[in-house]
Amino acid sequence: MKTTRIMAVAVLMVASGLALHAAQPPGIKRTDLQRHDLSVPGREVVQVRVELAPGVSFPKHTHPGEEIIYVLEGTWEYTVEGKPPVTLKAGEVLFIPAGTIHSAKNVGSGNGAELATYVVEKGKPLLMLVK
């Protein structure tokens, strides 16, 4: 009985992992790197590597906390609500306040990658798409 439960949990874990990878649109890859509770009650930090193929956009969205972006590779154009678009290259950074609508596009000719660090409310979805 115990072995059956362990096997069932293992199957669910593998299936959910495959579903997350299958749900990523073509040209967009998000890789969770780490997630930790903070000393501030109800907050956690999440780091994600985001990769975009040339010409690919990540649609308008928000986060339940702040996002700190460090461009690892390529040329990115960020559109942040209330500000003119900004173009960043590898080694440059951007801060996005909590709840701010924003989007990103790889405007370079090669692959683009960023390190996104989120300081967010624990238990809320990390990303909410906006129409």
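Cut-off values and rules
- Numbers given for residues are sequential positions, taken from 1 along each chain in its written order.
- Totals for whole chains, interfaces and linings use all residues, but because this is a predicted model, local features are given only for residues with pLDDT of at least 70 and pairs of side-chain atoms are given and counted only at 80 or more.
- Note that water and hydrogens are dropped before the side-chain values are worked out from all heavy atoms of the structure.
- The rule for pairing is simple: two strands pair if DSSP sees at least two bridges between them.
- Each helix is a run of H or I in the DSSP string that is no shorter than four residues. Each strand is a run of E no shorter than two, and both are numbered from the N terminus.
- A residue's pLDDT is the confidence the predictor assigns to it, expressed on a 0 to 100 scale.
- Whether two residues are in contact is decided by their heavy atoms: any pair within 4.5 Å suffices.
- Nine residue types can take part in a nonpolar core, namely buried Ala, Val, Leu, Ile, Met, Phe, Trp, Tyr and Cys, and a core is a set of them joined through side-chain atoms within 4.5 Å.
- Accessibility here uses a 1.4 Å probe with only protein chains present; expressed as a share of the type maximum, an area under 20% marks a residue as buried, one over 50% as exposed, and anything in between as partly exposed.
- When the centres of two rings from Phe, Tyr and Trp lie within 6.5 Å, Trp using its six-membered ring, the rings pair. Their planes under 30 degrees apart give stacked, over 60 give edge-to-face, and anything left gives tilted.
- Here a polar contact means two N or O atoms within 3.5 Å. Within protein one must be a hydrogen donor candidate and the other an acceptor candidate, and residues neighboring in sequence count only if both atoms are side-chain atoms.

> Quick one: what's the story with the pairing of strand β4 (residues 65–73), residue by residue and with numbers?
Across eight bridges, β4 lies against strand β9 (residues 112–121) in antiparallel orientation. Looking at β9, one finds that E66 is bridged to V119. Across four bridges, β4 lies against strand β7 (residues 93–96) in antiparallel orientation. Of the residues in β7, the one forming a bridge with I69 is L94.

> Could you give an account of the confidence of the model for the protein chain, naming the residues involved and the relevant values?
Looking at the protein chain as a whole, its pLDDT mean stands at 87, while 83% of the residues score no less than 70. The model gives residues 2–22 a pLDDT under 50, and that stretch makes zero contacts with residues more than four places away or in other chains.

> Any chance you could break down the environment of V40 for me, citing the residues and the numbers?
Note on placement: V40 falls in the loop between β1 (28–37) and β2 (43–52). Along the backbone, V40 and E121 are 81 residues apart, and their C-alpha atoms lie at a distance of 10.0 Å.

> Which residues make up the nonpolar core, and what values do they have?
One finds W76, Y78, L94 and Y118 to be the most contacted residues of the largest nonpolar core, which totals 20 residues. Elements represented by at least two residues in this core include exactly β2, β4, β5 (75–80), β7 and β9. The element that contributes the greatest number of residues to this core is β2, accounting for four residues. Non-local contacts of Y78, meaning those with residues more than four positions away in its chain, are made with I69, V71, P85, V86, L88, L94, S103, A104 and E114.

> Go over the packing of aromatic side chains, please, and point to the residues and values.
Tallied over the entire structure, the rule returns one aromatic pair. Ring geometry for W76 and Y78: centres 5.8 Å apart, planes at 10°, overall stacked. Among the residues examined, W76 registers a relative accessible area of 1% and is labelled buried. Taking the relative accessible area as the measure of exposure, Y78 reaches 1% and is therefore buried.

> Describe the pairing of β9, naming the residues involved and giving the relevant values.
Regular strands place their side chains on alternate faces of the sheet. Burial runs high along β9: seven of the ten residues are buried. For β2 and β9, the ladder comprises ten bridges, and the chain directions are antiparallel. Across the sheet, residue E44 finds its bridge partner in β9, namely V120.

> I'd like a description of the side chain of T117, backed by residues and values.
Topologically, T117 is positioned in strand β9. Looking at T117, its side chain comes within polar contact range of the side chain of Q47, at 3.0 Å. Apart from the residues lying within four places of it in its own chain, the contact partners of T117 are V45, V46, Q47, E66, E67 and I68.

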